[in-house]
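# Observations on chain architecture
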Amino acid sequence: MSHTVEKIALKSPAPGTERFLTIHRFGTIGARPKVYLQAALHADEWPGLMALNHLIPMLDHADKAGRIVGEIILLPYANPIGLDQRLGGAMPGRYSFDGAGNFNRNWPDLSAAAAAHIPQGFTGNTGQDTATLRAALLQAVADLSTRTEIDHWRAQLLGLSIDADYVIDVHCDQESQAHLYCHISHADIAKRMAAAGDIPVVLLEEEAGGFSFDDCNAGVWRRMTGLVDQAESLPMACYGCTLELRGKDDVNDVFGQKDAAGLMQFMIAERVIQGDTSNLEGPEPYRLDEVDVIYAETGGLIAYKAEIGEYVQEGQLIAEVIDITASDPLTARTQLVSRTAGLFFARIDLRLISAGEGVAKVAGRKLLEHRKKGALLEA
Ligand SMILES: [Zn+2]
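Notes on the structure in this doc start here. Not measured: the values here are computed from a predicted model.

Next up on the list: the overall build of the protein. Scanning the protein for helices and strands turns up eight helices and 20 strands. The globule rule puts the C-alpha radius of gyration for 379 residues at 21 Å, and the 21 Å found for the protein is close to it. Considering only C-alpha atoms, the protein reaches an extent of 70 × 50 × 45 Å along its principal axes. The proportion of buried residues among the 379 residues of the protein is 54%. For the protein, the exposed surface amounts to about 16,000 Å²; the carbon and sulfur share of it is 52%. Taking the average location of the 34 positive side-chain charges in the protein and that of its 51 negative ones, the two points are 1 Å from each other.

The structure is reproduced here in structure tokens:
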């Protein structure tokens, strides 16, 4: 099949308005492995828009050469609702203006709805059970509410992704090195992806919490246990990851080209696309509960004392928060230190921060008791 482009209209939220998704398809419908890629689910995260923009012609070229073994679905922008949210000249992104919350939280747990479509139970035959669950998941998505524009939008994305072997959700952080999040059961795939894309930080979670888009797709495979007979023998047949392509301002053709080439290499390594890959040795992953998120107790002006990409020691000063209401500037500073030794890989881009704000992330090698399972992602 050659490259096709389709537009899907979203439910009109108000008279005279309508938004749409653009869907690029490569390879053969129904062929495996199936890869689903999307960019900027949070709307204000543009490095992924650039990366996928560069990836489309690469995939087109591979498709014309007959090198695509599986099926690839690519959404160059995932969230036209968020792209349309402007406030005073800024694009706040992340949260829906209509009160539906964070665009990348509270995606549905489809396990019970899918289980209802498998009353006969699984067979223990991996290939057959995988196909059965994928069909049931598509049914479950088809049954989702489409009452509002956001509901309809969520159902459209899931309808394209839920039966994929790989779901690659491309985001970015505020100021950061490239990093990716995925479930611990997929550590090997994540390492290959990191090696292919020159991504220094891989973060593995058992239960991150929050029901992100990648976890909605990948996590449903392990949530079937206890709902359907013989679900224990199901493979974790969907690799879902949140790929953070550096910081918000890291949007240029050099990064876009490099990131797209990395994604091509990854898809070659996974045999979605024919081609040569050398042995991909990724970095040693970190566990998400080994990542110190440093919060500021008080609001104020922040002065960073460490740089992104720096290895810091436990107790090392990361930043000072300056109380600009203090009478004496010399006594107005609160120090923020790292509680682990590791890589300082991300920080916020605001320099005037609010009390309680998470301002820096350091990936270390020791389990941090203050990090709570099931609540490892920030809002
Ligand atoms: Zn994001």
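What follows covers the coordination of the zinc ion. For the zinc ion, the full set of protein donor atoms is His 42 (ND1), Glu 45 (OE), Glu 45 (OE) and His 171 (ND1), and the range of their distances to it is 2.0 to 2.4 Å. If you look at the zinc ion, its four donor atoms make angles of 56 to 147° with each other, and the shape they trace is irregular.

Side chains that carry opposite charge are capable of pairing whenever their charged atoms lie near each other. In total, this model carries 27 salt bridges according to the counting rule given. Here Asp 198 makes a salt bridge to Lys 258, at a shortest N to O gap of 2.6 Å. Taken together, the residues span a long stretch of sequence, with Asp 198 in the loop between α6 (187–197) and β10 (201–205) and Lys 258 in helix α8 (residues 253–269) at a distance of 60 residues. Note on Asp 198: relative accessible area 51%, which makes it exposed. Overall, Lys 258 belongs to the partly exposed group, its relative accessible area being 35%.

The subject of this paragraph is the pairing of strand β7 (residues 166–173). Burial analysis of β7 places eight of its eight residues in the buried class, the great majority of the element. Residues Tyr 166, Ile 168, Val 170 and Cys 172 of β7 are buried on one face, and the alternating residues Val 167, Asp 169, His 171 and Asp 173, pointing to the opposite face, are buried as well. Relative to β7, strand β3 (residues 34–39) runs parallel, the two sharing five bridges. Bridging from a neighbouring strand, Leu 37 pairs with Ile 168 of β7. Looking at chain direction, β7 and strand β11 (residues 239–247) are connected through seven bridges and run parallel.

So, about unusual backbone geometry. The step from Arg 32 to Pro 33 runs through a cis peptide bond, and the omega angle for that step is 0°. The phi torsion at Ala 43 lies on the positive side, around 75°, for a residue other than glycine. You can see Ala 43 is positioned in the loop between β3 and α1 (47–64). On the basis of relative accessibility, which here comes to 0%, the residue Ala 43 falls in the buried class. Notably, Gln 230 is not glycine yet its phi reads approximately 65°, a positive angle. Examined against the element boundaries, Gln 230 turns out to sit in the loop between α7 (213–219) and β11.

The first and last C-alpha atoms of helix α4 (residues 126–142) sit 24 Å apart over 17 residues, in line with the 24 Å expected at 1.5 Å per residue. Considering only its buried residues, α4 is in contact with α3 (111–115) and α5 (149–161). For α4, the N-terminal cap is Asn 125; the gap from its side-chain oxygen to the backbone nitrogen of Gly 127 is 3.1 Å.

The next point concerns α6. Ala 187, Ile 189, Ala 190, Met 193, Ala 194, Ala 196 and Gly 197 are the residues of α6 that are buried. Buried positions along α6 lie against β7, β9 (179–183), β10, β11 and α8.

About the thresholds
- Residue numbering note: each chain is counted from 1, following its sequence as written.
- Local features in a predicted model are, by the rule used here, given only for residues with pLDDT of at least 70; side-chain atom pairs are given and counted only at 80 or more, and totals for whole chains, interfaces and linings are based on all residues.
- No hydrogens and no water enter the side-chain calculation; it runs on all heavy atoms of the structure.
- Strands here mean DSSP runs of E at least two residues long; helices mean DSSP runs of H or I at least four residues long; both are numbered from the N terminus.
- When we talk radius of gyration, it's over C-alpha atoms, and the globule rule is simply 2.2 Å times the number of residues to the 0.38.
- Categorising residues by exposure relies on relative accessible area from a 1.4 Å probe, with only protein chains included: less than 20% of the type maximum marks a residue as buried, more than 50% marks it as exposed, and the intermediate range marks it as partly exposed.
- Residue-level accessible areas treat just the shown protein chains as cover; the underlying method is Shrake-Rupley with a 1.4 Å probe.
- Positive charges come from Lys and Arg alone, negative charges from Asp and Glu alone, with His and the N- and C-terminal ends not counted.
- Note on charges: their place is set at NZ of Lys, CZ of Arg, CG of Asp or CD of Glu.
- Listed donors are limited to N, O and S atoms within 2.8 Å of the metal, widened to 3.2 Å for Na, K and Ca; water is not among them, so incomplete-looking sites are possible.
- In this scheme the shape depends on donor count and angles: four donors with every angle between 85 and 135 degrees give tetrahedral, four or six donors with opposite pairs above 155 degrees and others between 65 and 115 give square planar or octahedral in turn, and any other case is irregular.
- A pair is scored as a salt bridge if a Lys or Arg side-chain nitrogen falls within 4 Å of a carboxyl oxygen belonging to Asp or Glu.
- Only strands joined by at least two bridges in the DSSP assignment are considered to pair.
- In a helix, the anticipated span is given by 1.5 Å times the number of residues less one.
- Two residues form a contact once any of their heavy atoms are found within 4.5 Å.
- Any N or O atom pair separated by 3.5 Å or less is treated as a polar contact, with the protein-specific requirement of one donor-capable and one acceptor-capable atom, and with residues adjacent in sequence counted only for side-chain atom pairs.

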